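Coordinate analysis (summary)
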Amino acid sequence: MPVSVPQGEESPRQTGDESESVAETPKTQSSLPRRKSLLRSLLQWFLLGAALLWLLGVLFLVAARWIDPPTTAVHMERRWQAWIHNAQYHKRYDFVPLSQISPDFQHAVIAAEDARFYQHHGFDWHAIELAAEDDMEGGRIRGGSTLTQQLVKNLFFGTGRSILRKGAEFVLVPVAELVLGKKRILELYLNVVEWGPGVYGAESAARYYYRTPARNLDREQSARLAAILPLPLKRRPDHMNHYSALILERMRQVGW
């Protein structure tokens, strides 16, 4: 015979179901703060790691004001690539003072790579704008990186491209400008930049291509060496007739 439940009272089974659902709700809600706490901790560790890496970069740049770097990220990358492909690799790297590099060579590199080197503070926003316009129009992509940007990239990041690398470069370039100064930046750049397979720096490039020290390079030789910088593994100075003529014209316009 069915048992009737008085009005206002609930059956035991219904009460049990509701108590189970009520018990589950706090458990679900309590997991949300734990997830937020975990994400917050991960973010804090990421920011701490980024700050430590930036500090190491700053210390390296401070040391580079007086100490010539024994190697760079690009040097190590090329050696690693040769090892991976089981290819022969011979490194030519001879660091010399700026006074032992021909002024014509210095001027040719500036004219080719960073005409406003002595006017900007690490970033040439006008060149970046022109590069962006060329890219959007689908024309020839114009390089917008300054010598300081290229130096930081060579020292720390190698030849790879990524948003993270650009971000790290963005925060280290002003430090390089402040700590090193224009003269030391130019000296470091000319000595560490890649000029061919295993060829790094002005002295090694001058001896490799022209069998002469960097201090003896003339205007024509300097312009031809500067012309291969955008693609040093694919270009050769003796093939750079047109571009070297443009560099010489830029030098003449500046008064060099």
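In this numbering scheme, every chain counts its residues from 1 along its sequence in written order. Confidence filtering applies because this is a predicted model: local features only for residues at pLDDT of at least 70, side-chain atom pairs given and counted only at 80 or more, and all residues used for totals across whole chains, interfaces and linings. Side-chain metrics in this entry use all non-hydrogen atoms of the structure; hydrogen atoms and water are not considered.

**Let's talk about the packing of aromatic side chains**
Two rings belonging to Phe, Tyr or Trp (six-membered ring only in the last case) form a pair when the distance between their centres is within 6.5 Å. Interplanar angles under 30 degrees mark stacking, angles over 60 mark edge-to-face geometry, and anything in between is tilted. Overall, the coordinates contain eight aromatic pairs when judged by the stated rule. Here Phe 117 and Tyr 118 contribute two aromatic rings whose centre-to-centre distance is 4.9 Å and whose plane-to-plane angle is 70 degrees, an arrangement assigned as edge-to-face. Exposed residues in this analysis have more than 50% of their type's maximum accessible area, buried residues have under 20%, and partly exposed residues fall in between, with area computed by a 1.4 Å probe over protein chains only. Taking the relative accessible area as the measure of exposure, Phe 117 reaches 0% and is therefore buried. Its relative accessible area of 48% is what places Tyr 118 among the partly exposed residues. Following the ring pairs from residue to residue traces out a cluster consisting of Phe 60, Phe 156 and Phe 157. Whether a charge sits over a ring comes down to the Lys NZ or Arg CZ being within 6 Å of the ring centre and within 35 degrees of the ring normal. Over the ring of Phe 117 we find Lys 182; its NZ or CZ atom is 4.5 Å from the centre of that ring.

**Details of the sheet that holds strand S1 (residues 92-93)**
Strand pairing requires that DSSP identify at least two bridges connecting the strands. Numbering of helices and strands runs from the N terminus, with a helix taken as a DSSP run of H or I at least four residues long and a strand as a DSSP run of E at least two residues long. Taken in spatial order, the three strands of this open sheet run S1-S3-S2, and their pairing is mixed. Of all the strands in the sheet, just S1 and strand S2 (194-196) have a single pairing partner and so form its edges. Pairing geometry for S2 and strand S3 (residues 199-200), over two bridges, is antiparallel. Bridge pairing in S3 places Gly 196 opposite Val 199.

**Structural notes on the pattern of salt bridges**
Any carboxyl oxygen of Asp or Glu that lies within 4 Å of a side-chain nitrogen of Lys or Arg is treated as forming a salt bridge with it. Scanning the entire structure with this criterion turns up 12 salt bridges. The salt bridge involving Glu 169 is made with Lys 166; its shortest N-O contact spans 3.7 Å. Taken together, the residues span about one helical turn, with Glu 169 and Lys 166 both in helix H6 (residues 163-192) at a distance of three residues. The closest approach of N and O atoms between Glu 249 and Arg 252, which form a salt bridge, is 2.5 Å. With Glu 249 and Arg 252 both in helix H9 (residues 241-254), this residue pair falls three residues apart, about one helical turn. Note on Arg 252: relative accessible area 52%, which makes it exposed.

**Points about the side chain of Thr 148**
Structurally, Thr 148 is set in helix H5 (residues 147-157). The exposure class of Thr 148 is buried, given its relative accessible area of 0%. By the convention used here, residues are in contact when the closest approach between their heavy atoms is within 4.5 Å. Not counting residues up to four positions away in its chain, the partners in contact with Thr 148 are Phe 117, His 120, Gly 122, Val 173, Ala 176, Glu 177 and Ile 185.

**Thoughts on the environment of Ala 214**
Here Ala 214 shows up in the loop between helix H7 (202-210) and helix H8 (219-227). In sequence terms Ala 214 and Ala 202 are 12 residues apart; their C-alpha atoms lie 6.0 Å from each other. Setting aside its immediate chain neighbours within four residues, Ala 214 contacts Gln 100, Ile 101, Ser 102, Ala 202, Glu 203 and Ala 206.

As far as function goes, none of this settles anything; it's purely spatial.
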